[in-house]
Amino acid sequence: RKEMTTPSPTHSDSSGSSKHDSNQDSWEIVEGLRGVPASMQEPDRQEGFLLKRRKWPMKGWHKRYFVLEKGILKYAKRGTDLKKGKLHGCIDVGLSVMSIKKKAMCIDLDTEDNIYHLKVRPDTRINNLSFVDFKMGQRWSTPSTGRPRMGQRKKSQVSHNYHLRSSFAQLTSNYHQECPGGSHSLVHQVSNESKASIPESISEFFDAQEYLLSSSSSENEVRHFILPYSLLLLISNFSPLVGSMLTLPRRRSTLPSPSPTSSVSLWNILKNNIGKDLSKVAMPVQLNEPLNTLQRLCEEMEYSELLDTANRTQDPYQRMVYVATFAISAYASTYHRAGSKPFNPVLGETYECDRPDKSFRFIAEQVSHHPPVSACHSDSRNFSFWQDVRWKNKFWGKSMEIVPMGTTHVTLPAFGDHYEWNKVTSCIHNILSGQRWIEHYGEMSIKNINGDACQCKVTFVKARSWSSTVNEIEGVVTDSNGKVVHSIFGKWHESVFQGDPPSATCIWRANPMPVDQDQFYGFTQFAVELNELDSPLRPLLSPTDTRFRPDQRLLEEGNTEGAEEQKQRIEQLQRERRKVLEDNNMAHQPRFFKKSNNDTWVSNNTYWELRRDPGFTKMDFPVLW
C-alpha cells in the first residue's frame, strides 16, 4: 500500500475556516495514564453508535455500532451483527496512537497501518458524565499542534506508543481478547518489540484501508445520532474520574529496593551436587528473589480472564483453546526470572491472594517438607483451579533441570467441564557463567475428564542449536476421532495465535513489563503486588502467611545480611518442630488442605470461612518465624 501523508480532514490545517482558527481546537496526542494505581478494576463493557469516516475512495461519514471491551474496540453495521460475529473490524486501542480533538468530539486511532476517524455529538451524556468531564482529562494528555503523519510516527512515536500501551494495559488490567469475524478477522497489532519474532504475514490483517482524505464532510451528518459518551470516555483513556469511581486499594508499582549484586560462587555450592536433587541443598539468600514458591503458583493466575472467557464460550472446541492458552500463559512470567530462585516455603506456611479486580480468590499451603509439596486452590464464579506440585531439581554441570510432578485441574461450572493437564520440564542454562536463560520443553496433554468431545496437545519446542527458534509452542485441538479442529501457535512468553497464517487470530498477549524490570528481579507488575502488605490486610491474614516471613521481607527491602540471618533462624525452627513431631510419633497435618482418594492434595474449603469467623487472630497456629 502506498503510504499517504495527506493530512486528515479532521486535522485539516487549512486557514480557510475562521471558525476553526478562532476556537483553536487543536489535536492532542494522549500520552496515557499518569499517577494512577498500577492495578485498576477492569472497565465495564461499553457499546453504542459512533460516526466513522467512510473508507476510501468514498467521502463522508457513516454510523457504525462499536463495542469496547478489554481494550479491544470492535465495530459492525449494527449491534445484532456483532452478536452474530459479523465484524467489520476491530482495533487494539492499547497498541494504537490516539489523538483527540475535544471541542469537535473527534478521536483518531493510528494503528500504524490504518487510521480510524471517529466522531460523536458533544452534548451526549451517560451515567452523569458529560463533555465537561472529558475536558478535565486534559491534564493527562500532552498537547500537540498537529498530528504526526504516518511516516513521522514510525520514527518519532515508538517511545510514546510503548508508554501508551503500558498505561492502557494498566487501566484495563488485561486487554487480551480474540477478534472473531470470518474474513474480516483481525490479529492484535503486533508490537515493535515482538514483530521480529513473528512471521511478517501474521500482522497484516486489517479492515479495508483507511486512507487520509483532504476534506470535507458536512457537520450536519454528525447531528442525527447519539452515542453513550462513556464509550468515547473510555476510548480516550484519560478521564480523571476513573480513579474516583474505583474502590479498589491502590497497589504498589515497584519493589522497595532493587535486587542486590550477588558475589556468591555457585560452583562452590553445586560442584559436589552434580546429578543430585537440589531441593535438599541449602542455598544462600543472595540467590533468592523476594517471593516464594506459593506465590509463584499464584502467578499462574495472572491471565485468569482466559478462564472467564472459556466459561462463557458455548463451543467446546473453542473452550479448549482458551483453557490451553491459559495453561501456556502460566509460563510467561518466568522469561525474565532465570537469575534467581524463589524462597522454599516451610512446612505449614500459607499464602492468600484475594483479587476482586480479577474476580478470584487464591490460597496455597506447604503440605509436605520431604518431599516438598505445595498445594493451591483458586475459586471464582467462572472457574475453580487447583493443583499440588512437587519438583525435582537436578544440576548437570552447566544447566539446572526442573522436572515438575503433579496435575493441574480447572472446572468450568457453566458446562460441567473438568480439565486436567501436566506441566512441562523447565531448564535454566548457563547456571555458572554467561547470561542465564530459561526454556520450557515437552508435551502438555489437556483433556476434559467429564467429556470426550475434544482434547488438546501442546508442544513446548526445545531450542535447537544454530537456530533462533526459541520459546515456541505448537498445539492442536482434536475431536473424539482425532481430527484437528483448531490449531494454535506462538511463543509462551509473548503471545498465542489461533488458526493458520494469514488468517490467524491473537488469543492472548503477555502484559508489558514494568520499567527497569531488570533491576527488580525481572518481576511482572502482577508479581510486584504479590508480597505487598498494607495495614487493612494485616489483621485479616493468617500468621503463617508468607507476607509475614521476615527473611523474605528483609530481602525485598535490600537487607541481604539480615535476610540471611533470619533465613537460617527460620530453617532451624523448622528442624526443631520436625524433631518434636518425630519424638512424639506424630505427623504434620495441613490446616487447609486434605488428601483426596487419588493421593492428591485438595482444599478442605475452610480457609475463607475461618478467615471470616472466628478470624485467624482468634486461632492457634504454630510459630513458623
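Residues numbered from 1 in each chain as written. Predicted model: local features only at pLDDT ≥ 70, side-chain atom pairs only at ≥ 80, totals over all residues. Heavy atoms only, no water.

Looking at an unreviewed UniProt entry, one finds the protein named Oxysterol-binding protein and attributed to Cyclopterus lumpus. Check the Subunit (unreviewed entry) section of the UniProt entry for the protein; it says "Homodimer. Interacts with RRAS. Interacts (phosphorylated form) with VAPA. Interacts with OSBPL6." Regarding the protein, the relevant UniProt record gives this comment under Sequence similarities (unreviewed entry): "Belongs to the OSBP family." (UniProt positions renumbered as here; feature names shortened; annotations may be inferred.)

Visitor: Help me out: how do you make sense of the overall build of the protein in this one?
Guide: Scanning the protein from terminus to terminus reveals 15 helices and 27 strands. Counting all 625 residues of the protein, 56% fall into the buried class. If you take every contact in the protein between residues at least 6 apart in sequence, the share linking residues at least 24 apart comes to 65%. (Helix = DSSP H or I, 4+ residues; strand = E, 2+ residues; numbered from the N terminus. Buried < 20%, exposed > 50% of the residue type's maximum accessible area, 1.4 Å probe, protein only. Contact = heavy atoms within 4.5 Å.)

Visitor: Would you mind going over the packing of aromatic side chains with me for this structure?
Guide: The geometry of two aromatic rings is summed up by the distance between their centres and the angle between their planes. All told, the structure shown has 16 aromatic pairs when counted by the stated rule. Centre to centre, the rings of Tyr-75 and Tyr-116 are 6.3 Å apart; their planes meet at 70 degrees, and the pair counts as edge-to-face. Highlighted residues: Tyr-75 in strand E4 (residues 72-76) and Tyr-116 in strand E8 (residues 115-119), separated in sequence by 41 residues. Since its relative accessible area comes to 2%, Tyr-116 is described here as buried. Residues Tyr-521 and Phe-523 carry aromatic rings whose centres are separated by 5.5 Å and whose planes lie at 35 degrees to one another, so their mutual orientation is tilted. A relative accessible area of 2% means that Phe-523 is categorised as buried. Three or more aromatic residues joined by ring pairs form one cluster here, namely Phe-592, Tyr-607, Trp-608, Phe-616 and Phe-621. Here Lys-462 stacks its cationic end above the ring of Tyr-441, 3.8 Å away from the centre of that ring. Stacked on the ring of Phe-621, the Lys or Arg Arg-591 has its end atom at 4.5 Å from the ring centre. (Phe/Tyr/Trp six-rings, centres within 6.5 Å; stacked < 30°, edge-to-face > 60°. Lys NZ or Arg CZ within 6 Å of the ring centre and 35° of its normal.)

Visitor: Quick question: what am I supposed to make of the side chain of Glu-352 here?
Guide: Note on placement: Glu-352 falls in strand E12 (residues 350-355). You can call Glu-352 buried: its relative accessible area is 1%. Within polar-contact distance, the side chain of Glu-352 engages the side chain of Tyr-607 at 2.6 Å. Residues in contact with Glu-352, not counting those within four places in the same chain, are Phe-362, Ile-363, Leu-537, Leu-541, Asp-545, Arg-547, Tyr-607, Trp-608 and Arg-611. (Polar contact = N/O pair within 3.5 Å; in protein donor to acceptor, adjacent residues only side chain to side chain.)

Visitor: Where do I start with the pattern of salt bridges in this structure?
Guide: When charged atoms on two side chains of opposite charge get close, those side chains can pair. A full pass over the atoms with the stated rule returns 25 salt bridges. Across the salt bridge formed by Arg-611 and Glu-352, the nearest N and O atoms sit 2.9 Å from each other. With Arg-611 in helix H15 (residues 607-612) and Glu-352 in strand E12, this pair connects stretches of sequence that are 259 residues apart. Pair check on accessibility: Arg-611 and Glu-352 agree, each one buried. Via salt bridges that share partners, Glu-289, Arg-296, Glu-299 and Arg-337 belong to a single interconnected network. (Salt bridge = Lys/Arg side-chain N within 4 Å of Asp/Glu carboxyl O.)

Visitor: In this structure, what is going on with the pairing of E12? I would like to understand it.
Guide: Taken residue by residue, a regular strand's side chains alternate between the two faces of the sheet. Extensive coverage of E12 is indicated by the burial of five of its six residues. Once E12 ends, the chain turns through four residues before running back antiparallel as strand E13 (residues 360-368), passing Ser-359 with a positive phi of about 65 degrees. (Pairing = 2+ DSSP bridges.)

Visitor: What is the right way to look at the environment of Phe-415 in this model?
Guide: Note on placement: Phe-415 falls in the loop between strand E17 (407-412) and strand E18 (417-422). Judged by its relative accessible area of 26%, Phe-415 falls in the partly exposed class. As a C-alpha pair, Phe-415 and Thr-313 span 102 residues in sequence and 9.3 Å in three-dimensional space. Among all residues touching Phe-415, those that are not within four sequence positions of it are Ala-310, Asn-311, Arg-312, Thr-313, Gln-314 and Arg-319.

Visitor: What is the right way to read the nonpolar core from this model?
Guide: Among soluble globular proteins, nonpolar side chains are generally buried collectively. In this structure, Phe-362, Trp-421, Met-444, Ile-446, Val-458 and Phe-460 are the most contacted members of the largest nonpolar core, which totals 66 residues. Examining the composition of this core, we find that eight residues originate from one element, helix H11 (residues 316-329), more than from any other. What Met-444 contacts, discounting residues up to four positions off in sequence, is Ala-327, Tyr-331, Trp-421, Asn-422, Val-424, Cys-456, Lys-457, Val-458 and Phe-460. In this structure, Phe-66, Ile-100, Ile-107 and Val-120 belong to the second largest nonpolar core, which totals 15 residues. (Core = buried A, V, L, I, M, F, W, Y, C linked by side-chain atoms within 4.5 Å.)

Visitor: Mind showing me how you'd approach the pairing of strand E16 (residues 400-405) here?
Guide: The two faces of E16 differ: Met-400, Ile-402 and Pro-404 on one face are buried, but Glu-401, Val-403 and Met-405 on the other face are not. Bridge count between strand E15 (residues 384-395) and E16: six bridges; the pairing is antiparallel. From the neighbouring strand, Arg-390 faces E16, where its bridge partner is Met-405. Taking the residues that link successive antiparallel strands as the turn, the E15-E16 hairpin has four residues, and the phi of Gly-397 there is positive, at about 105 degrees. In the sheet, E16 pairs with strand E19 (residues 425-429) via three bridges, with the strands oriented antiparallel. Along E19, the bridge assignment pairs Ile-402 with Ser-426.

Visitor: What's the story with the environment of Phe-385 in this structure? I'm lost.
Guide: Examined against the element boundaries, Phe-385 turns out to sit in strand E15. Judged by relative accessible area, which is 0%, Phe-385 ranks as buried. In contact with Phe-385, not counting residues within four places along its chain, are Glu-300, Met-301, Phe-326, Cys-376, His-377, Ser-378, Thr-408, His-409 and Val-410.

Visitor: Explanation requested: the side chain of Asp-81 in the structure shown.
Guide: Examined against the element boundaries, Asp-81 turns out to sit in helix H2 (residues 79-83). On the basis of relative accessibility, which here comes to 11%, the residue Asp-81 falls in the buried class. Those residues in contact with Asp-81 that sit more than four places away from it in its chain are Ala-76 and Lys-86.

Visitor: Please explain H11 as it appears in this structure.
Guide: Side chains three or four residues apart in an α-helix point the same way, a direct result of the helix having 3.6 residues per turn. Between the first and last C-alpha of H11 there are 20 Å, a value that for 14 residues agrees with the 20 Å anticipated at 1.5 Å per step. The element H11 is extensively covered by neighbouring structure, given that 12 of its 14 residues are classed as buried. (Expected span 1.5 Å × (residues − 1).)

Visitor: It is not clear to me how the environment of Ala-330 should be interpreted in this structure. Could you clarify?
Guide: Note on placement: Ala-330 falls in the loop between H11 and strand E11 (341-343). Note: C-alpha distance between Ala-330 and Glu-302 (28 residues apart in sequence) is 7.7 Å.

Visitor: Looking at this model, I keep getting lost on the state of the cysteines. Mind explaining?
Guide: Simply put, the disulfide is a covalent bond whose two ends are the sulfur atoms of two cysteines. Taken as a whole, this structure holds zero disulfides when the rule is applied. In this model Cys-456 remains outside any disulfide bridge; the closest cysteine sulfur is found in Cys-454, 8.4 Å from its own. With relative accessibility at 1%, the residue Cys-456 sits in the buried group. (Disulfide = S-S within 2.5 Å.)

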